[in-house]
Amino acid sequence: MTDTLSAPQETTPPQAPAVPDVSPVEAVGAVEAPGADARTENRPPRPAGRAGARSRRPGRGERPAAGTAPQEGAGAPPTRAPRVIPPMLGQLASLYPALFGAVFLPLKRGIFQDLVAAHPELESEALKTALAFHTRSTRYLQSVAAGMERHDLQGQPVEDMAPEHVHHALLEVFRRRQGRGGDDQQAKLRSRIVQAFEASGLSAEAYGTLVRSRDEAVNAVLDEAMAEASARAAKDEALLRAFEASGQAVEAFADMYGLDPRSATQTLERARRRRPAPAPAA
């Protein structure tokens, strides 16, 4: 009994392929926000040498010849193009601080048309550029990945975030985090996909149909997350059955299995939500 209900031992799987660039389908009216990072890296080209001659790095104690540009990879950090923030974003932050201020709230679909109608004085192309820049930002994508609702110009939630938009934003946010530190980003990504799947209320088949792409590396991460979700659901159901058979209160049941009462309550509620609704009486 204890083995069935004990927490599973997490093992480190083989390193999964890096998550490629997957564009989140973030439509905000006339602007579709692609997943590419707004901060594009622009490295200078390798200096060209004489035709047919092989380039040689200076040996120890030698100095580069006068006028010779430093070779790429010789220790100089790569240059990065300056990030130019569209001035229109400052205007939008002043007009709608709840949407474009310190916290980035997901925008309702059609927000571009709403802004044009509310502020005809705003230049259309500059507004499109500002919205595209805003919805490409990591801060905005993090709000989408968290499953927050979409908001209108008044800052009121008006519609749920589509599961496929949450999923693709998750992939893009974690793609940008790759290479930062030694954390296992793949394991964190799988955990977040499991959370997004469970929050969607969809079956595994329906969720996979919505979010599965043509990229096999991304699909492999999705399949691993779905396997983790299935194992978690089985453990939750086993705990719920044991609780129902015990006839005890949650606090006493949690104490018997060495569980935190709050965590046990959340697990039991999660297991109950997964159970199909009873059929109506004839």
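Located above this text is the structure these notes cover.
Report on the accompanying structure. Here the structure is a predicted model, which is why all the values come from computation and not from measurement.

**Section: the overall build of the protein chain**
Part 1 of the argument: If you tally the helices and strands in the protein chain, you get twelve helices and four strands.
Part 2 of the argument: With 282 residues in all, the protein chain has 33% of them scored as buried.
Part 3 of the argument: Expressed as a percentage of contacts within the protein chain between residues at least 6 apart in sequence, the contacts between residues at least 24 apart total 70%.
Part 4 of the argument: Looking at the protein chain as shown, the accessible area adds up to about 17400 Å², and 53% of this sits on carbon and sulfur atoms.

**What to know about the nonpolar core**
Part 1 of the argument: Ranked by size, the top nonpolar core spans 42 residues in total, and within it Leu92, Phe100, Leu115, Leu131, Leu170, Ile193 and Tyr207 carry the most contacts.
Part 2 of the argument: Not counting residues up to four positions away in its chain, the partners in contact with Tyr207 are Pro163, His167, Ile193, Ala196, Phe197, Ser200, Leu202, Leu222 and Met226.
Part 3 of the argument: By size, the runner-up hydrophobic cluster in this structure holds eight residues, among which are Leu240, Ala242, Val250 and Phe253.

**Structural notes on the environment of Ala196**
Part 1 of the argument: Summarising the element assignment, Ala196 is placed in helix 8 (residues 185-200).
Part 2 of the argument: Overall, Ala196 belongs to the buried group, its relative accessible area being 15%.
Part 3 of the argument: Along the backbone, Ala196 and His167 are 29 residues apart, and their C-alpha atoms lie at a distance of 7.2 Å.

**Quick notes on the side chain of Arg190**
Part 1 of the argument: Along the polypeptide, Arg190 turns up in helix 8.
Part 2 of the argument: A polar atom in the side chain of Arg190 sits 3.3 Å from the side chain of Glu224.

**Here's the deal with helix 12 (residues 261-274)**
Part 1 of the argument: A rise of 1.5 Å per residue sets the reference length of helix 12, with its 14 residues, at 20 Å; its end C-alpha atoms lie 20 Å apart and thus fit the reference within 8%.
Part 2 of the argument: Buried within helix 12 are the following residues: Ala264, Thr267, Leu268, Arg270 and Ala271. Seen from one end, helix 12 has its buried residues packed into an arc of 160°, which puts them on one side. Turned more than 90 degrees from where helix 12 packs its buried face, Arg262 and Arg273 sit exposed.
Part 3 of the argument: Against helix 8, helix 10 (216-246) and helix 11 (250-256) lie the buried residues of helix 12.

So, how was this worked out
Residues numbered from 1 in each chain as written. Predicted model: local features only at pLDDT ≥ 70, side-chain atom pairs only at ≥ 80, totals over all residues. Heavy atoms only, no water. Helix = DSSP H or I, 4+ residues; strand = E, 2+ residues; numbered from the N terminus. Buried < 20%, exposed > 50% of the residue type's maximum accessible area, 1.4 Å probe, protein only. Contact = heavy atoms within 4.5 Å. Areas by Shrake-Rupley, 256 points an atom, 1.4 Å probe, with all protein chains shown as cover. Core = buried A, V, L, I, M, F, W, Y, C linked by side-chain atoms within 4.5 Å. Polar contact = N/O pair within 3.5 Å; in protein donor to acceptor, adjacent residues only side chain to side chain. Expected span 1.5 Å × (residues − 1). Arc of directions from axis to C-beta.

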